[in-house]
Amino acid sequence: MRKTYLFLATMLLACVSYKSDAQAVPRIPEASSTQTIIQDFGLGKVTITYSRPNVKDRKIFGGIIPYGEVWRTGANAATTITFTEKVIIEGHAVPPGTYSLFSIPQRGEWTIILNKTAKQWGAYSYKQADDLLRFDVKSIRVNEKRETFTMAFANSTTRSTDLYLVWDHTAAAIHMETDDDAKIMTNIDELMKGDRKPYYFNAIQWYYENNKDVNKALGWVAEAEKEEPKVPWFKLWESRLLLRKGDKAGAIAAAEAGIELSKESNDDEYLRLNLEALSQAKD
């Protein structure tokens, strides 16, 4: 029996040693590094995974990336883009899912392609029949050289964002918008049926920033101020909402009250914001 235990112990050690050796296999970095970027977008997220080639003193567009040909929009495997919620890209509705992101660069304009075959190497097996959609965007020349191909989100709000593609001296932008307003409004209605206190701020902010029912939002402000009479942020939203409603006198009074509350709580941020609201109301 003791020999059997020794044999099993030896085999287990061999397995561990084998696993460790396999994990320790030397690696060689890819010439084009891989990057994944994630952007919160409305109720969902946008995730992009792509490889980032470098200029390396080469002519890029019209050179190693020929004009008029489908490009993987990066290097190595085709770039993938994943949406967890429905979005609108340059006016086109796109359902949730993962797609490959191809492009066809031209002088002054790119054709952007979302293809339903997400996992593919380069553009070698690309099939136009599998395209979900195509659309054109303008490209521009930028003075600053970008050595490494870069994709980045900018101008991001709860409702829209821009995806920039930049390499060498060329940049193109793709505009995206959320399509979840109806779901958000339903969520707000549901949340406000229970304990409202944790949700007042976000609900009021959404109503203000998206031009919803001013009177309903002001009702929530009044309720919130009863529960938290010493905080300055609800006075800020009260001032902004009253000004939108056309009540300048009320907006001024709310902002002035917010200024006093900010001073009492030593809240420099909301002191500044309420001062700005007061200035806007007095214009």
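Rules used in this analysis
- Residues numbered from 1 in each chain as written.
- Predicted model: local features only at pLDDT ≥ 70, side-chain atom pairs only at ≥ 80, totals over all residues.
- Heavy atoms only, no water.
- Salt bridge = Lys/Arg side-chain N within 4 Å of Asp/Glu carboxyl O.
- Buried < 20%, exposed > 50% of the residue type's maximum accessible area, 1.4 Å probe, protein only.
- Pairing = 2+ DSSP bridges.
- Helix = DSSP H or I, 4+ residues; strand = E, 2+ residues; numbered from the N terminus.
- Contact = heavy atoms within 4.5 Å.
- Axes fitted to C-alpha atoms, helices over the stretch in contact; angles between N-to-C directions.
- Parallel < 35°, antiparallel > 145°, perpendicular 65-115°, else oblique.
- Left-handed = near helix turned anticlockwise from the far one by under 90°.
- Nonpolar A, V, L, I, M, F, W, Y, C, P; charged D, E, K, R; others polar.
- Phe/Tyr/Trp six-rings, centres within 6.5 Å; stacked < 30°, edge-to-face > 60°.
- Lys NZ or Arg CZ within 6 Å of the ring centre and 35° of its normal.

Enquirer: Talk me through the pattern of salt bridges; I want residue IDs and the actual numbers.
Expert: Opposite charge on two side chains permits pairing when their charged atoms draw close. Scanning all chains against the criterion turns up 14 salt bridges. With its nearest N and O atoms 3.0 Å apart, the salt bridge here joins Arg134 to Asp131. The exposure class assigned to Arg134 is partly exposed, which follows from its relative accessible area of 32%. Each member of the salt-bridge network shares a partner with another, and the members are Arg159, Asp181 and Lys212.

Enquirer: Give me the lowdown on the pairing of strand β8 (residues 131-154), citing residues and values where you can.
Expert: Along a regular strand, successive side chains alternate from one face of the sheet to the other. Relative to β8, strand β7 (residues 109-115) runs antiparallel, the two sharing 7 bridges. Within β8, the position partnered with Asn115 by the bridge is Asp131. Where β8 and strand β9 (residues 160-178) come together, 9 bridges link them in antiparallel fashion. Residue pairing for β9: Ile140 is matched across the bridge by Ala171. With antiparallel pairing between neighbouring strands as the criterion, β8 and β9 make up a hairpin whose turn holds 5 residues, including Asn155 at a positive phi of roughly 55°.

Enquirer: Account for helix α3 (residues 200-209), with residues named and values stated.
Expert: One full turn of an α-helix is made of 3.6 residues, so residues set three or four places apart face in the same direction. For α3, the complete set of buried residues consists of Tyr200, Ala203, Ile204, Trp206, Tyr207 and Tyr208. Against α2 (181-191), α4 (214-227) and α5 (233-245) lie the buried residues of α3. One or two residues past the end of α3 sits Asn211, with phi positive at roughly 55°.

Enquirer: Account for the packing of α5 against helix α6 (residues 248-264), naming residues and giving values.
Expert: With their axes 8 Å apart at the nearest point, α5 and α6 run at an angle of 165° to one another. One element, α5, and the other, α6, form an angle in the roughly antiparallel class. In the packing of α5 onto α6, the handedness of the crossing is left-handed. Judged by residue contacts, Lys235, Glu238, Ser239, Leu242 and Leu243 of α5 engage Lys248, Gly250, Ala251, Ala254, Ala255, Ala257, Gly258 and Leu261 from α6. Among the residues forming the contact of α5 with α6, the class breakdown is 7 nonpolar, 3 polar and 3 charged.

Enquirer: Account for the packing of aromatic side chains, with residues named and values stated.
Expert: With the rule as written, the count across this model stands at 14 aromatic pairs. Taken together, a centroid distance of 6.0 Å and an interplanar angle of 90° make the contact between Phe61 and Trp167 edge-to-face. In this pair, Phe61 is assigned in the loop between β2 (44-52) and β3 (75-83) and Trp167 in strand β9, connecting sequence segments 106 residues apart. Accessibility expressed as a relative area gives 9% for Phe61, which makes it buried. For Trp167, a relative accessible area of 1% puts it in the buried group. A network of ring pairs unites the aromatic residues Tyr50, Phe61, Trp71, Trp110, Phe149 and Trp167 as a single cluster. Positioned above the aromatic ring of Trp237, the side-chain terminus of Arg240 is 4.8 Å from the ring centre.

Enquirer: Describe the sheet that holds strand β6 (residues 97-106), with residues and values.
Expert: Note on sheets: strands pair through backbone hydrogen bonds, and any given pair is parallel or antiparallel. Strand order in the open sheet formed by 9 strands is β1-β2-β3-β6-β7-β8-β9-β4-β5, with antiparallel pairing between adjacent strands. Since the sheet does not close on itself, it has two edges, and those belong to β1 (33-41) and β5 (92-94), each with one partner. Neighbour-to-neighbour, the strand axes of this sheet turn through a mean angle of 35°, independent of strand direction. Two strands pair when backbone bridges link them, and strand β4 (residues 87-89) and β5 are joined in this way by 3 bridges, in the antiparallel orientation. Residue pairing for β5: Ile88 is matched across the bridge by Ala93.

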